[in-house]
Amino acid sequence: MDLKGLYEELLKIHGKLEKWWPGSSEEIIISAVLTQNTNWKNVERAMENLKSKCESLENWTLLECVHMLREDLPSLIKPAGFYNIKSQRLIALLSWMKQYEFSIEKISEKSTYDLREELLSVKGIGKETADSILLYAFEKPVFVVDAYTKRLLKRLYNTEFKDYDDYRLAFENSIEQDVRIYQEYHGLIVEHSKKYCNSKPKCNSCGLNNSCFQAKYLQNL
Ligand code: SF4
């Protein structure tokens, strides 16, 4: 089973997920920073705080508002943890967006390569966060790699790469460049990893066990 086959198998197991990352592009940009090192429930609580604060400031978009809230950001995003560092990262990211008047459309006009380079030059924005923003907020065809992806590849194929970009390119070179497919595929990997291939893998009930290196290895012990 190659990486294209894996996508098809995951679709059979979990069904269609479509976009997977919830929210508008503006919300995705903020939640991509908030989700670093925490779970989604905590991100939702922090997002609720930000949205309800910003709803009372009617003349501002969510991004403009969060950029303006600087002083209040740590307390508002506290539920997401690491709130001081995440506040600094959000401010850095939104200060970069300010040069484009916080316009998703204007930023989306840039090439994928240029936009990725710009995002990676923002302090505190690493490759996983940059690629999540590129794929889900700006709809650029970049495959997102996270710890779940690396673990699944290791268990399924006994494969490890040295660099983040080697993982990304393995997917991008195997699957046609299609934003919807990349969005869905990453979501399927996360869902599968949470449900079956977690820290205590449930190989007996996992639909990939016939093609999985680790499951076969364990069977032969
Ligand atoms: S068979 Fe086990 S190790 Fe392999 S993908 Fe499924 S849960 Fe993970």
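What counts and how
- Residues numbered from 1 in each chain as written.
- Predicted model: local features only at pLDDT ≥ 70, side-chain atom pairs only at ≥ 80, totals over all residues.
- Heavy atoms only, no water.
- Disulfide = S-S within 2.5 Å.
- Helix = DSSP H or I, 4+ residues; strand = E, 2+ residues; numbered from the N terminus.
- Buried < 20%, exposed > 50% of the residue type's maximum accessible area, 1.4 Å probe, protein only.
- Core = buried A, V, L, I, M, F, W, Y, C linked by side-chain atoms within 4.5 Å.
- Domains from an automatic or database assignment.
- Contact = heavy atoms within 4.5 Å.
- Near = heavy atom within 4 Å.
- 1 Å grid on protein atoms, 1.4 Å probe; cavity = no way out; pocket = protein on both sides within 12 Å on 5 of 7 lines; lining within 4 Å.
- Sits in = over half its atoms within 2 Å of the grid points.
- Salt bridge = Lys/Arg side-chain N within 4 Å of Asp/Glu carboxyl O.
- Phe/Tyr/Trp six-rings, centres within 6.5 Å; stacked < 30°, edge-to-face > 60°.

Observations concerning the state of the cysteines
Next, step 1: Going through the model one piece at a time under the given rule, you end up with one disulfide.
Next, step 2: The residue that forms a disulfide with Cys-54 is Cys-65, at a sulfur-sulfur distance of 2.0 Å. When the S-S torsion is -85 degrees, as for the bridge of Cys-54 with Cys-65, the disulfide is left-handed. In this pair, Cys-54 is assigned in helix H3 (residues 40–55) and Cys-65 in helix H4 (residues 62–68), connecting sequence segments eleven residues apart.
Next, step 3: Given the relative accessible area of 7%, Cys-54 is considered buried.

So, the nonpolar core
Next, step 1: Counting residues in hydrophobic clusters, the biggest one holds 70 residues, and the most contacted among them are Leu-34, Met-97 and Tyr-185.
Next, step 2: Built from parts of two domains, this core gets at least three residues from each of domain 1 (3–18 + 144–219) and domain 2 (25–137).
Next, step 3: Among all residues touching Met-97, those that are not within four sequence positions of it are Ile-29, Leu-63, Phe-102, Ile-104, Ile-107 and Phe-138.

A few points about the site of the ligand
Next, step 1: Lining the immediate surroundings of the ligand are Leu-152, Arg-155, Tyr-196, Cys-197, Pro-201, Cys-203, Cys-206, Asn-209, Cys-212 and Ala-215.
Next, step 2: A majority-of-atoms criterion places the ligand in the largest cavity.

Brief notes about the pattern of salt bridges
Next, step 1: Taken as a whole and judged by the stated rule, the model has 13 salt bridges.
Next, step 2: Ionic pairing is found between Glu-118 and Lys-110, a salt bridge with its closest N-O pair at 3.0 Å.
Next, step 3: For the salt bridge of Asp-165 with Arg-168, the shortest nitrogen-to-oxygen distance reads 3.0 Å. Separated by three residues within a single helix, Asp-165 and Arg-168 lie in helix H11 (residues 164–172), roughly one turn from each other.
Next, step 4: Given a relative accessible area of 17%, Asp-165 falls into the buried group.
Next, step 5: Here Arg-168 falls in the buried class, since its relative accessible area comes to 12%.
Next, step 6: Put simply, Arg-116, Lys-127, Asp-131, Asp-165, Arg-168 and Glu-172 are held in one network by salt bridges that share partners.

Remarks on the packing of aromatic side chains
Next, step 1: According to the stated counting rule, one finds twelve aromatic pairs in the structure shown.
Next, step 2: Seen in terms of ring centroids, Phe-171 and Tyr-185 are 5.4 Å apart; in terms of plane orientation they differ by 80 degrees. Their pairing is edge-to-face. Linking Phe-171 in helix H11 with Tyr-185 in helix H12 (residues 179–195), this pair joins segments that are 14 residues apart in sequence.
Next, step 3: For Tyr-185, a relative accessible area of 0% gives the class buried.

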